[in-house]
Amino acid sequence: MSMKPVQAVDSWLDADEERAWRTFRRMMVVVQARTAQDLAELGLSEADYEVLSTLSEAPDRTSTLHAQATKMAWSRSRLSRHASRMESRGLVERRPDPDDGRGCLLVLTPHGFEILAEAAPAHVVSVRRHVIDRLRRDDLANLERIADQIISE
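A quick note: this is a predicted structure, and the numbers were derived from the prediction, not measured.

A. Here's a closer look at helix 5 (residues 110-130). The end-to-end C-alpha separation of helix 5 is 30 Å, in line with the 30 Å expected for 21 residues at 1.5 Å each. Largest kink in helix 5: about 35°, centred on Ala 120, with the proline Pro 121 one to four residues after it. Every buried residue of helix 5 is listed here: Gly 112, Leu 116, Ala 119, His 123, Ser 126 and His 130.

B. Geometry of the packing of aromatic side chains. Applying the stated criterion to the full structure yields 1 aromatic pair. A cation over a ring is seen here: Arg 61 above Phe 113, with NZ or CZ 3.4 Å from the ring centre. Arg 78 extends its terminal NZ or CZ atom over the ring of Trp 74, reaching a point 3.9 Å from the ring centre.

C. Main features of the layout of surface pockets. As a volume, the largest pocket reaches approximately 1300 Å³. What lines the largest pocket is a set of 32 residues, among which Met 28, Val 31, Gln 32, Thr 35 and Val 131 lie closest to the centre. With 9 residues, the top contributor of residues to the lining of the largest pocket is helix 1 (residues 15-40). Each residue belonging to the lining of the largest pocket can be placed in one class, and the counts come to 21 nonpolar, 5 polar and 6 charged. Here the second largest pocket is characterised by a volume of approximately 170 Å³. As for the second largest pocket, its lining consists of Thr 64, Leu 65, His 66, Arg 76, Asp 97, Asp 100, Arg 102, Gly 103 and Cys 104. Where the lining of the second largest pocket is concerned, the elements lending two or more residues are helix 3 (65-72) and strand 3 (100-108). Split into classes, the residues belonging to the lining of the second largest pocket amount to 2 nonpolar, 3 polar and 4 charged.

Conventions used here
Residues numbered from 1 in each chain as written. Predicted model: local features only at pLDDT ≥ 70, side-chain atom pairs only at ≥ 80, totals over all residues. Heavy atoms only, no water. Helix = DSSP H or I, 4+ residues; strand = E, 2+ residues; numbered from the N terminus. Expected span 1.5 Å × (residues − 1). Bend = angle between axes of the 7 residues up to and from the residue. Buried < 20%, exposed > 50% of the residue type's maximum accessible area, 1.4 Å probe, protein only. Phe/Tyr/Trp six-rings, centres within 6.5 Å; stacked < 30°, edge-to-face > 60°. Lys NZ or Arg CZ within 6 Å of the ring centre and 35° of its normal. 1 Å grid on protein atoms, 1.4 Å probe; cavity = no way out; pocket = protein on both sides within 12 Å on 5 of 7 lines; lining within 4 Å. Points joined across faces, edges and corners; volume = space filled by probe spheres on them. Nonpolar A, V, L, I, M, F, W, Y, C, P; charged D, E, K, R; others polar.

This is the structure:
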């Protein structure tokens, strides 16, 4: 396997930039690990919760596999594999897409919605404990502003 040559760096991070970057990375890892552990105690992975919660917001709790993958920033194959595991647990089901003979619809089952409804209050407590309650209102506004800057292209 050939590797691409390393590109020359025009400008290394200065000390403040490096510190901010490393702190940001640590924050993301810690928050994700803590909320994932709390979800695991409920019998769900982060991916399970993301699929369930985003499907619950869709009309009729149904989405095309393509639209769902796009919303979650996943590849269709990754979502398809994960949906298969969730389908075996009765959380979602696939149905033929009447508008696309090759596509399929991903549907949140009543059991999946019930599991989500049971998990959601504990997940909110987790998010509050690990993020929201640690910040002031102006911090939350700044966090949202910064996140929007980073995720917009």
